[in-house]
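Notes for the structure review
Read off the chains here:
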Amino acid sequence: MNNSYKFYLALITVVASIGGLLFGFDMAVISGVLPFVEKQFNLTALQEGWFVSSALVGCIVGVAFSGDLSDRLGRKKLLFLSAFLFLISALGCALVHSLDWLIVARMTGGIGVGIASIVVPLYLSEIAPAGIRGRLVTCYQLAITVGILLAYVSNSLLLAYSEAHTGIAGVSLFDMVFVNEVWRGMFSIGTILALLFLAGLFFVPESPRWLMRKGLVAEGLAILRKINDGQEEAVVAEQKEANQTGVVETGTYKELFAPRLRKALLLGILLPLFSQLSGINAIIYYGPSILNDSGIALSSSFLGQIIFGLANLVFTFVAIWKVDDWGRRPLYIVGTVGATISLVLTGILFHFGMISSVFLVISVTVFLACFAFSLGPLKFVVASEIFPTNIRGKAMGVSIMVMWVADTIMGQLTPVLLREAGTAVTFWVFAFFCLTAFFTVYKLLPETKGKSLEEIESFWDKK
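Side note on the overall build of the chain
Counting secondary structure elements, the chain contains 21 helices and 0 strands. Each of the 463 residues in the chain was classed as buried or not, and the buried ones make up 58%. The contacts of the chain with a sequence gap of at least 6 include a subset with a gap of at least 24, amounting to 83%. In the structure as shown, the chain presents an accessible area of about 18,700 Å², 69% of it carried by carbon and sulfur atoms.

Section: the side chain of Ser154
Note on placement: Ser154 falls in helix α6 (residues 133-165). Here Ser154 falls in the buried class, since its relative accessible area comes to 9%. A distance of 3.2 Å separates a polar side-chain atom of Ser154 from the backbone oxygen of Ala151.

Notes on the pattern of salt bridges
What the rule picks out here adds up to 4 salt bridges. Here Arg75 and Glu126 are joined by a salt bridge, their closest N and O atoms 2.8 Å apart. Taken together, the residues Arg75 in helix α4 (residues 75-95) and Glu126 in helix α5 (residues 99-127) connect sequence positions 51 residues apart. By relative accessible area, which is 0% here, Glu126 ends up buried. In this structure, Glu181 engages Arg184 in a salt bridge whose closest nitrogen and oxygen atoms are separated by 2.4 Å. For Glu181, a relative accessible area of 18% translates into the label buried. Sharing partners across several salt bridges, the network here consists of Asp71, Arg75 and Glu126.

A short note on the environment of Val382
Within the element layout of this structure, Val382 appears in helix α18 (residues 378-385). Taking relative accessible area as the criterion, Val382 reaches 2% and is therefore assigned buried. Sequence separation between Val382 and Ala264 is 118 residues, and the spatial gap between their C-alpha atoms is 9.3 Å. Setting aside residues up to four positions removed in sequence, Val382 forms contacts with Leu271, Arg328, Tyr332 and Leu445.

Remarks on the packing of aromatic side chains
Scanning the model with the defined rule gives 11 aromatic pairs in all. When the ring of Trp183 is compared with that of Phe187, the centres are 6.3 Å apart and the planes differ by 85°; the resulting orientation is edge-to-face. Taken together, the residues Trp183 and Phe187, both in helix α8 (residues 182-201) and 4 residues apart, mark about one turn of the helix. Of the two residues examined, Trp183 and Phe187, each falls in the buried class. Here Phe438 and Tyr442 contribute two aromatic rings whose centre-to-centre distance is 6.0 Å and whose plane-to-plane angle is 25°, an arrangement assigned as stacked. In this pair, Phe438 and Tyr442 both sit in helix α20 (residues 423-444), 4 residues apart, roughly one turn of the helix. Given the relative accessible area of 17%, Phe438 is considered buried. For the cation-ring pair, Lys226 lies above Tyr8, with the distance from its terminal atom to the ring centre recorded as 4.2 Å.

Notes on a nonpolar patch on the surface
There is a patch of nonpolar side chains on the surface, built from Val337, Ile341, Val344, Leu345, Ile348, Phe352, Met354, Val425 and Trp428 and spanning about 720 Å² of accessible area. Contributing elements (two or more residues each) for the nonpolar patch: α16 (328-351) and α20. Looking at the nonpolar patch element by element, the count peaks at 5 residues for α16. Assignment of secondary structure puts Val344 in helix α16. You can call Val344 partly exposed: its relative accessible area is 30%.

Parameters and conventions
- Residues numbered from 1 in each chain as written.
- Predicted model: local features only at pLDDT ≥ 70, side-chain atom pairs only at ≥ 80, totals over all residues.
- Heavy atoms only, no water.
- Helix = DSSP H or I, 4+ residues; strand = E, 2+ residues; numbered from the N terminus.
- Buried < 20%, exposed > 50% of the residue type's maximum accessible area, 1.4 Å probe, protein only.
- Contact = heavy atoms within 4.5 Å.
- Areas by Shrake-Rupley, 256 points an atom, 1.4 Å probe, with all protein chains shown as cover.
- Polar contact = N/O pair within 3.5 Å; in protein donor to acceptor, adjacent residues only side chain to side chain.
- Salt bridge = Lys/Arg side-chain N within 4 Å of Asp/Glu carboxyl O.
- Phe/Tyr/Trp six-rings, centres within 6.5 Å; stacked < 30°, edge-to-face > 60°.
- Lys NZ or Arg CZ within 6 Å of the ring centre and 35° of its normal.
- Patch = residues over 30% accessible without salt bridge, like charges linked within 9 Å, V, L, I, M, F, W, Y side chains within 5 Å.

Shown next as C-alpha coordinates:
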(Lines give C-alpha, C1' and ligand atoms only; values in the text may rest on other atoms or scores of the structure.)
Protein backbone atom coordinates (compact mmCIF):
# COMPACT_ATOMS: atom_id res chain seq x y z
CA MET A 1 0.00 0.00 0.00
CA ASN A 2 1.15 3.52 -0.64
CA ASN A 3 0.98 6.04 2.17
CA SER A 4 -2.36 7.63 1.23
CA TYR A 5 -4.18 4.28 1.33
CA LYS A 6 -2.46 3.33 4.57
CA PHE A 7 -3.50 6.64 6.10
CA TYR A 8 -7.13 6.24 4.97
CA LEU A 9 -7.46 2.74 6.37
CA ALA A 10 -5.67 3.75 9.58
CA LEU A 11 -8.03 6.74 9.95
CA ILE A 12 -11.09 4.51 9.61
CA THR A 13 -9.71 2.01 12.13
CA VAL A 14 -8.71 4.64 14.70
CA VAL A 15 -12.01 6.55 14.49
CA ALA A 16 -14.16 3.41 14.73
CA SER A 17 -12.04 2.05 17.57
CA ILE A 18 -12.71 5.17 19.65
CA GLY A 19 -16.08 3.49 20.23
CA GLY A 20 -14.16 0.72 22.01
CA LEU A 21 -12.13 3.31 23.90
CA LEU A 22 -15.35 4.85 25.22
CA PHE A 23 -16.68 1.37 26.01
CA GLY A 24 -13.66 0.54 28.18
CA PHE A 25 -13.56 3.98 29.81
CA ASP A 26 -17.25 3.99 30.69
CA MET A 27 -17.08 0.54 32.28
CA ALA A 28 -13.88 1.21 34.28
CA VAL A 29 -14.34 4.81 35.44
CA ILE A 30 -16.93 3.65 37.96
CA SER A 31 -14.21 2.05 40.10
CA GLY A 32 -12.90 5.49 41.05
CA VAL A 33 -16.26 7.21 41.18
CA LEU A 34 -18.17 4.80 43.41
CA PRO A 35 -16.59 5.59 46.84
CA PHE A 36 -17.25 9.33 46.40
CA VAL A 37 -20.82 8.93 45.11
CA GLU A 38 -21.59 6.45 47.88
CA LYS A 39 -20.45 8.95 50.50
CA GLN A 40 -22.01 12.07 48.94
CA PHE A 41 -25.46 10.55 48.38
CA ASN A 42 -25.41 8.21 51.42
CA LEU A 43 -26.20 5.23 49.23
CA THR A 44 -27.77 2.12 50.68
CA ALA A 45 -26.46 -1.24 49.47
CA LEU A 46 -29.44 -1.49 47.11
CA GLN A 47 -28.84 2.00 45.70
CA GLU A 48 -25.15 1.28 45.26
CA GLY A 49 -25.91 -1.87 43.28
CA TRP A 50 -28.42 -0.02 41.11
CA PHE A 51 -25.99 2.84 40.46
CA VAL A 52 -23.33 0.41 39.25
CA SER A 53 -25.63 -1.90 37.28
CA SER A 54 -27.73 0.84 35.65
CA ALA A 55 -25.13 1.16 32.89
CA LEU A 56 -25.38 -2.59 32.29
CA VAL A 57 -29.15 -2.29 31.92
CA GLY A 58 -28.48 0.42 29.33
CA CYS A 59 -26.06 -1.92 27.52
CA ILE A 60 -28.75 -4.58 27.21
CA VAL A 61 -31.23 -1.98 25.88
CA GLY A 62 -28.66 -0.75 23.33
CA VAL A 63 -27.88 -4.27 22.16
CA ALA A 64 -31.58 -5.12 21.86
CA PHE A 65 -32.29 -2.61 19.09
CA SER A 66 -28.94 -1.68 17.50
CA GLY A 67 -28.33 -4.92 15.60
CA ASP A 68 -31.59 -4.68 13.67
CA LEU A 69 -31.31 -0.91 13.18
CA SER A 70 -27.76 -1.19 11.82
CA ASP A 71 -29.04 -3.65 9.19
CA ARG A 72 -31.81 -1.24 8.23
CA LEU A 73 -30.20 2.20 8.53
CA GLY A 74 -26.49 1.46 8.11
CA ARG A 75 -23.51 1.10 10.41
CA LYS A 76 -22.41 4.73 10.37
CA LYS A 77 -25.71 6.18 11.59
CA LEU A 78 -25.62 3.88 14.60
CA LEU A 79 -22.03 4.91 15.34
CA PHE A 80 -23.17 8.55 15.37
CA LEU A 81 -25.98 7.64 17.76
CA SER A 82 -23.52 5.83 20.03
CA ALA A 83 -21.14 8.83 20.12
CA PHE A 84 -24.02 11.23 20.85
CA LEU A 85 -25.28 9.09 23.74
CA PHE A 86 -21.76 8.88 25.18
CA LEU A 87 -21.51 12.67 25.08
CA ILE A 88 -24.89 13.22 26.76
CA SER A 89 -23.99 10.67 29.43
CA ALA A 90 -20.59 12.17 30.24
CA LEU A 91 -22.01 15.71 30.47
CA GLY A 92 -24.94 14.53 32.54
CA CYS A 93 -22.78 12.58 35.01
CA ALA A 94 -20.51 15.59 35.44
CA LEU A 95 -23.27 18.15 36.01
CA VAL A 96 -26.50 16.66 37.40
CA HIS A 97 -27.19 17.05 41.12
CA SER A 98 -29.69 14.28 41.96
CA LEU A 99 -29.03 10.56 42.21
CA ASP A 100 -31.99 9.75 39.97
CA TRP A 101 -30.68 11.89 37.12
CA LEU A 102 -27.18 10.52 37.66
CA ILE A 103 -28.53 7.00 37.14
CA VAL A 104 -30.40 8.15 34.02
CA ALA A 105 -27.13 9.56 32.67
CA ARG A 106 -25.32 6.30 33.45
CA MET A 107 -28.03 4.30 31.71
CA THR A 108 -27.77 6.57 28.66
CA GLY A 109 -24.05 5.88 28.48
CA GLY A 110 -24.79 2.17 28.80
CA ILE A 111 -27.03 2.32 25.73
CA GLY A 112 -24.12 3.91 23.86
CA VAL A 113 -21.83 1.10 25.07
CA GLY A 114 -24.33 -1.52 23.92
CA ILE A 115 -24.53 0.01 20.45
CA ALA A 116 -20.75 0.31 20.14
CA SER A 117 -20.18 -3.26 21.30
CA ILE A 118 -22.10 -4.50 18.25
CA VAL A 119 -21.61 -1.93 15.52
CA VAL A 120 -17.88 -1.14 15.86
CA PRO A 121 -16.56 -4.71 15.25
CA LEU A 122 -19.27 -5.18 12.63
CA TYR A 123 -18.21 -2.03 10.79
CA LEU A 124 -14.49 -2.83 10.98
CA SER A 125 -15.03 -6.35 9.62
CA GLU A 126 -16.92 -4.98 6.60
CA ILE A 127 -14.39 -2.22 5.91
CA ALA A 128 -11.22 -4.30 6.24
CA PRO A 129 -9.43 -6.07 3.37
CA ALA A 130 -9.61 -9.85 3.94
CA GLY A 131 -5.88 -10.23 4.63
CA ILE A 132 -5.91 -7.90 7.66
CA ARG A 133 -9.53 -8.14 8.82
CA GLY A 134 -8.66 -10.00 12.02
CA ARG A 135 -6.05 -7.40 12.90
CA LEU A 136 -8.41 -4.48 12.36
CA VAL A 137 -11.29 -5.99 14.35
CA THR A 138 -8.87 -6.87 17.16
CA CYS A 139 -8.02 -3.16 17.34
CA TYR A 140 -11.48 -2.78 18.89
CA GLN A 141 -10.51 -4.99 21.83
CA LEU A 142 -7.22 -3.11 22.07
CA ALA A 143 -9.16 0.15 22.28
CA ILE A 144 -11.30 -1.30 25.11
CA THR A 145 -8.16 -2.14 27.11
CA VAL A 146 -6.76 1.34 26.41
CA GLY A 147 -10.05 2.85 27.63
CA ILE A 148 -9.89 0.81 30.83
CA LEU A 149 -6.30 1.86 31.46
CA LEU A 150 -7.13 5.49 30.63
CA ALA A 151 -9.94 5.47 33.20
CA TYR A 152 -7.62 4.09 35.90
CA VAL A 153 -4.86 6.60 35.12
CA SER A 154 -7.17 9.62 34.84
CA ASN A 155 -8.95 8.63 38.07
CA SER A 156 -5.60 8.46 39.86
CA LEU A 157 -4.35 11.80 38.47
CA LEU A 158 -7.60 13.62 39.20
CA LEU A 159 -7.68 12.25 42.74
CA ALA A 160 -4.12 13.49 43.30
CA TYR A 161 -5.05 16.94 41.94
CA SER A 162 -8.15 17.11 44.13
CA GLU A 163 -6.22 16.16 47.29
CA ALA A 164 -3.54 18.76 46.52
CA HIS A 165 -6.13 21.56 46.18
CA THR A 166 -8.58 20.59 48.91
CA GLY A 167 -9.07 23.51 51.26
CA ILE A 168 -7.90 26.16 48.80
CA ALA A 169 -10.48 25.62 46.06
CA GLY A 170 -13.22 28.14 45.37
CA VAL A 171 -16.86 27.67 44.40
CA SER A 172 -16.54 27.87 40.62
CA LEU A 173 -17.83 25.16 38.30
CA PHE A 174 -14.24 24.04 37.66
CA ASP A 175 -13.56 23.70 41.39
CA MET A 176 -16.80 21.78 41.92
CA VAL A 177 -16.00 19.29 39.12
CA PHE A 178 -12.27 18.78 39.68
CA VAL A 179 -11.73 19.45 43.40
CA ASN A 180 -14.76 19.53 45.68
CA GLU A 181 -16.60 16.68 43.90
CA VAL A 182 -13.77 15.07 41.96
CA TRP A 183 -15.92 12.14 40.84
CA ARG A 184 -17.59 14.57 38.44
CA GLY A 185 -14.20 15.30 36.91
CA MET A 186 -13.59 11.57 36.47
CA PHE A 187 -16.80 11.29 34.47
CA SER A 188 -16.10 14.50 32.51
CA ILE A 189 -13.05 13.03 30.74
CA GLY A 190 -15.57 11.03 28.71
CA THR A 191 -16.81 14.23 27.04
CA ILE A 192 -13.42 14.72 25.36
CA LEU A 193 -13.43 11.16 24.04
CA ALA A 194 -17.05 11.43 22.85
CA LEU A 195 -16.33 14.69 20.98
CA LEU A 196 -13.33 13.05 19.29
CA PHE A 197 -15.55 10.15 18.24
CA LEU A 198 -18.26 12.45 16.86
CA ALA A 199 -15.77 14.60 14.94
CA GLY A 200 -13.93 11.61 13.48
CA LEU A 201 -17.11 9.97 12.17
CA PHE A 202 -17.54 12.81 9.66
CA PHE A 203 -14.37 11.61 7.90
CA VAL A 204 -15.12 7.88 7.55
CA PRO A 205 -17.38 6.16 4.98
CA GLU A 206 -20.39 3.93 5.36
CA SER A 207 -19.75 0.18 5.26
CA PRO A 208 -19.23 -0.72 1.56
CA ARG A 209 -20.79 -4.16 1.95
CA TRP A 210 -23.89 -2.71 3.57
CA LEU A 211 -24.18 -0.22 0.68
CA MET A 212 -23.87 -2.99 -1.90
CA ARG A 213 -26.50 -5.10 -0.16
CA LYS A 214 -28.80 -2.07 -0.33
CA GLY A 215 -28.30 -1.75 -4.09
CA LEU A 216 -25.72 1.07 -3.97
CA VAL A 217 -23.12 -1.09 -5.70
CA ALA A 218 -21.17 1.70 -7.43
CA GLU A 219 -20.82 3.66 -4.19
CA GLY A 220 -19.77 0.56 -2.28
CA LEU A 221 -17.20 -0.44 -4.90
CA ALA A 222 -15.70 3.06 -4.87
CA ILE A 223 -15.05 2.73 -1.14
CA LEU A 224 -13.64 -0.78 -1.56
CA ARG A 225 -11.33 0.47 -4.31
CA LYS A 226 -10.06 3.16 -1.96
CA ILE A 227 -9.39 0.85 0.97
CA ASN A 228 -7.88 -1.90 -1.22
CA ASP A 229 -5.16 0.37 -2.56
CA GLY A 230 -6.84 0.47 -5.96
CA GLN A 231 -6.18 -3.24 -6.50
CA GLU A 232 -8.68 -4.07 -9.22
CA GLU A 233 -8.47 -7.83 -8.62
CA ALA A 234 -9.95 -7.45 -5.15
CA VAL A 235 -12.55 -4.95 -6.34
CA VAL A 236 -13.58 -7.13 -9.32
CA ALA A 237 -14.00 -10.09 -6.97
CA GLU A 238 -16.24 -8.00 -4.71
CA GLN A 239 -18.24 -6.78 -7.72
CA LYS A 240 -18.71 -10.36 -8.92
CA GLU A 241 -20.03 -11.31 -5.50
CA ALA A 242 -22.35 -8.29 -5.54
CA ASN A 243 -23.71 -9.20 -8.99
CA GLN A 244 -24.33 -12.78 -7.89
CA THR A 245 -25.99 -11.73 -4.66
CA GLY A 246 -27.94 -8.77 -5.95
CA VAL A 247 -29.93 -6.52 -3.67
CA VAL A 248 -30.76 -8.43 -0.49
CA GLU A 249 -33.35 -7.14 1.91
CA THR A 250 -32.63 -7.09 5.60
CA GLY A 251 -32.66 -10.68 6.86
CA THR A 252 -34.98 -12.03 9.52
CA TYR A 253 -34.34 -13.88 12.74
CA LYS A 254 -35.92 -16.93 11.08
CA GLU A 255 -33.04 -16.90 8.58
CA LEU A 256 -30.54 -16.58 11.44
CA PHE A 257 -31.89 -19.74 13.06
CA ALA A 258 -32.00 -21.68 9.77
CA PRO A 259 -30.15 -25.05 9.69
CA ARG A 260 -27.35 -23.79 7.41
CA LEU A 261 -26.30 -21.19 10.02
CA ARG A 262 -26.83 -23.37 13.08
CA LYS A 263 -23.12 -23.94 13.71
CA ALA A 264 -22.32 -20.27 13.10
CA LEU A 265 -25.03 -19.21 15.55
CA LEU A 266 -23.75 -21.70 18.13
CA LEU A 267 -20.26 -20.20 17.84
CA GLY A 268 -21.70 -16.68 18.02
CA ILE A 269 -23.40 -17.57 21.32
CA LEU A 270 -20.78 -19.78 22.98
CA LEU A 271 -17.63 -17.72 22.36
CA PRO A 272 -18.85 -14.55 24.15
CA LEU A 273 -20.44 -16.74 26.83
CA PHE A 274 -17.14 -18.48 27.64
CA SER A 275 -15.31 -15.16 27.48
CA GLN A 276 -17.32 -13.90 30.45
CA LEU A 277 -17.47 -17.24 32.30
CA SER A 278 -13.66 -17.38 32.25
CA GLY A 279 -13.71 -15.04 35.26
CA ILE A 280 -11.86 -12.15 33.65
CA ASN A 281 -13.96 -9.49 35.39
CA ALA A 282 -13.50 -11.15 38.78
CA ILE A 283 -9.73 -11.28 38.29
CA ILE A 284 -9.52 -7.65 37.20
CA TYR A 285 -11.67 -6.69 40.20
CA TYR A 286 -9.61 -8.65 42.73
CA GLY A 287 -6.29 -7.91 41.03
CA PRO A 288 -5.03 -5.28 43.49
CA SER A 289 -5.88 -7.53 46.45
CA ILE A 290 -4.00 -10.43 44.87
CA LEU A 291 -0.93 -8.26 44.37
CA ASN A 292 -1.07 -6.99 47.94
CA ASP A 293 -1.42 -10.53 49.30
CA SER A 294 1.59 -11.53 47.22
CA GLY A 295 3.83 -9.03 48.99
CA ILE A 296 4.01 -6.32 46.33
CA ALA A 297 3.66 -2.91 47.97
CA LEU A 298 1.00 -0.76 46.34
CA SER A 299 0.33 2.84 47.27
CA SER A 300 -3.35 2.40 46.48
CA SER A 301 -5.87 0.18 44.73
CA PHE A 302 -5.66 2.54 41.76
CA LEU A 303 -2.05 1.52 41.15
CA GLY A 304 -2.98 -2.17 41.31
CA GLN A 305 -5.67 -1.62 38.68
CA ILE A 306 -3.18 0.19 36.45
CA ILE A 307 -0.74 -2.75 36.65
CA PHE A 308 -3.32 -5.33 35.62
CA GLY A 309 -4.85 -3.00 33.03
CA LEU A 310 -1.39 -2.52 31.50
CA ALA A 311 -0.81 -6.29 31.35
CA ASN A 312 -4.15 -6.75 29.58
CA LEU A 313 -3.22 -4.02 27.10
CA VAL A 314 0.26 -5.33 26.31
CA PHE A 315 -0.83 -8.88 25.55
CA THR A 316 -3.68 -7.72 23.30
CA PHE A 317 -0.93 -6.69 20.87
CA VAL A 318 -0.12 -10.39 20.44
CA ALA A 319 -3.57 -10.91 18.93
CA ILE A 320 -3.14 -7.92 16.62
CA TRP A 321 0.31 -9.18 15.61
CA LYS A 322 -0.60 -12.80 14.88
CA VAL A 323 -4.37 -13.09 14.25
CA ASP A 324 -3.98 -12.81 10.46
CA ASP A 325 -0.74 -14.84 10.33
CA TRP A 326 -1.47 -17.76 12.65
CA GLY A 327 -5.24 -17.56 12.29
CA ARG A 328 -8.16 -17.55 14.71
CA ARG A 329 -8.12 -21.26 15.59
CA PRO A 330 -4.47 -21.54 16.73
CA LEU A 331 -4.70 -18.41 18.90
CA TYR A 332 -7.97 -19.59 20.43
CA ILE A 333 -6.62 -23.10 21.10
CA VAL A 334 -3.34 -21.90 22.65
CA GLY A 335 -5.11 -19.20 24.64
CA THR A 336 -7.82 -21.44 26.11
CA VAL A 337 -5.30 -24.13 27.07
CA GLY A 338 -3.02 -21.55 28.70
CA ALA A 339 -5.94 -19.90 30.52
CA THR A 340 -7.14 -23.28 31.82
CA ILE A 341 -3.72 -24.29 33.17
CA SER A 342 -3.06 -20.90 34.78
CA LEU A 343 -6.47 -20.84 36.50
CA VAL A 344 -6.01 -24.39 37.82
CA LEU A 345 -2.59 -23.41 39.22
CA THR A 346 -4.05 -20.23 40.76
CA GLY A 347 -6.72 -22.33 42.49
CA ILE A 348 -4.07 -24.76 43.78
CA LEU A 349 -2.01 -21.89 45.22
CA PHE A 350 -5.05 -20.52 47.04
CA HIS A 351 -6.02 -24.01 48.22
CA PHE A 352 -2.65 -24.53 49.90
CA GLY A 353 -2.53 -20.98 51.30
CA MET A 354 0.40 -19.87 49.12
CA ILE A 355 -1.04 -16.38 48.66
CA SER A 356 2.28 -14.64 49.27
CA SER A 357 4.05 -16.70 46.60
CA VAL A 358 5.41 -14.96 43.51
CA PHE A 359 3.92 -17.87 41.56
CA LEU A 360 0.46 -16.47 42.31
CA VAL A 361 1.30 -13.23 40.52
CA ILE A 362 2.82 -15.20 37.64
CA SER A 363 -0.20 -17.50 37.23
CA VAL A 364 -2.68 -14.60 37.24
CA THR A 365 -0.54 -12.66 34.75
CA VAL A 366 -0.36 -15.72 32.47
CA PHE A 367 -4.15 -15.95 32.55
CA LEU A 368 -4.44 -12.28 31.62
CA ALA A 369 -1.97 -12.80 28.77
CA CYS A 370 -3.86 -15.81 27.40
CA PHE A 371 -7.21 -14.05 27.70
CA ALA A 372 -5.88 -10.91 26.01
CA PHE A 373 -4.84 -12.68 22.80
CA SER A 374 -7.68 -15.22 22.56
CA LEU A 375 -10.89 -15.24 24.61
CA GLY A 376 -10.99 -11.45 24.85
CA PRO A 377 -10.62 -10.09 21.30
CA LEU A 378 -11.35 -13.09 19.07
CA LYS A 379 -15.02 -13.38 20.04
CA PHE A 380 -15.54 -10.04 18.27
CA VAL A 381 -13.46 -11.10 15.26
CA VAL A 382 -15.30 -14.40 14.76
CA ALA A 383 -18.80 -13.05 15.43
CA SER A 384 -18.27 -10.16 13.00
CA GLU A 385 -17.24 -12.36 10.05
CA ILE A 386 -19.13 -15.69 10.19
CA PHE A 387 -22.63 -14.39 9.35
CA PRO A 388 -24.11 -13.18 6.02
CA THR A 389 -24.18 -9.40 5.56
CA ASN A 390 -27.97 -9.07 5.48
CA ILE A 391 -28.35 -10.58 8.98
CA ARG A 392 -24.93 -9.75 10.42
CA GLY A 393 -26.32 -6.94 12.58
CA LYS A 394 -29.03 -9.16 14.07
CA ALA A 395 -26.53 -11.98 14.63
CA MET A 396 -24.09 -9.64 16.37
CA GLY A 397 -26.99 -8.41 18.49
CA VAL A 398 -27.70 -11.94 19.70
CA SER A 399 -24.00 -12.63 20.27
CA ILE A 400 -23.28 -9.47 22.25
CA MET A 401 -26.54 -9.79 24.20
CA VAL A 402 -25.28 -13.17 25.43
CA MET A 403 -22.04 -11.48 26.49
CA TRP A 404 -23.82 -8.85 28.58
CA VAL A 405 -26.24 -11.32 30.16
CA ALA A 406 -23.33 -13.61 31.06
CA ASP A 407 -21.50 -10.60 32.48
CA THR A 408 -24.50 -9.85 34.69
CA ILE A 409 -24.76 -13.46 35.87
CA MET A 410 -21.05 -13.62 36.72
CA GLY A 411 -21.30 -10.34 38.62
CA GLN A 412 -23.99 -11.88 40.80
CA LEU A 413 -22.49 -15.37 41.18
CA THR A 414 -18.81 -14.58 41.77
CA PRO A 415 -19.26 -13.12 45.29
CA VAL A 416 -21.48 -16.10 46.18
CA LEU A 417 -18.87 -18.57 44.87
CA LEU A 418 -16.09 -16.84 46.76
CA ARG A 419 -18.07 -16.83 50.00
CA GLU A 420 -19.66 -20.28 49.83
CA ALA A 421 -17.13 -22.38 47.88
CA GLY A 422 -13.90 -20.47 48.53
CA THR A 423 -11.38 -18.76 46.28
CA ALA A 424 -9.70 -21.98 45.10
CA VAL A 425 -12.94 -23.61 43.92
CA THR A 426 -14.00 -20.35 42.26
CA PHE A 427 -10.84 -20.33 40.12
CA TRP A 428 -11.35 -24.01 39.27
CA VAL A 429 -14.89 -23.23 38.08
CA PHE A 430 -13.43 -20.55 35.80
CA ALA A 431 -10.86 -23.09 34.56
CA PHE A 432 -13.66 -25.55 33.71
CA PHE A 433 -15.32 -23.00 31.43
CA CYS A 434 -11.99 -22.20 29.72
CA LEU A 435 -11.48 -25.91 29.10
CA THR A 436 -15.00 -26.16 27.67
CA ALA A 437 -14.17 -23.21 25.40
CA PHE A 438 -11.13 -25.14 24.12
CA PHE A 439 -13.24 -28.16 23.09
CA THR A 440 -15.88 -25.90 21.51
CA VAL A 441 -13.30 -24.10 19.36
CA TYR A 442 -11.51 -27.34 18.47
CA LYS A 443 -14.72 -29.01 17.28
CA LEU A 444 -16.72 -26.14 15.74
CA LEU A 445 -14.57 -23.20 14.65
CA PRO A 446 -13.42 -23.16 11.01
CA GLU A 447 -10.35 -21.11 10.08
CA THR A 448 -11.39 -17.82 8.46
CA LYS A 449 -8.10 -15.97 8.08
CA GLY A 450 -7.54 -14.50 4.62
CA LYS A 451 -11.06 -15.33 3.41
CA SER A 452 -13.47 -12.69 2.17
CA LEU A 453 -16.76 -12.32 4.01
CA GLU A 454 -18.50 -13.68 0.92
CA GLU A 455 -16.26 -16.77 0.90
CA ILE A 456 -17.11 -17.42 4.55
CA GLU A 457 -20.82 -17.07 3.75
CA SER A 458 -20.55 -19.58 0.90
CA PHE A 459 -18.71 -21.97 3.24
CA TRP A 460 -21.82 -22.36 5.39
CA ASP A 461 -23.94 -22.87 2.25
CA LYS A 462 -21.67 -25.72 1.13
CA LYS A 463 -21.71 -27.27 4.60
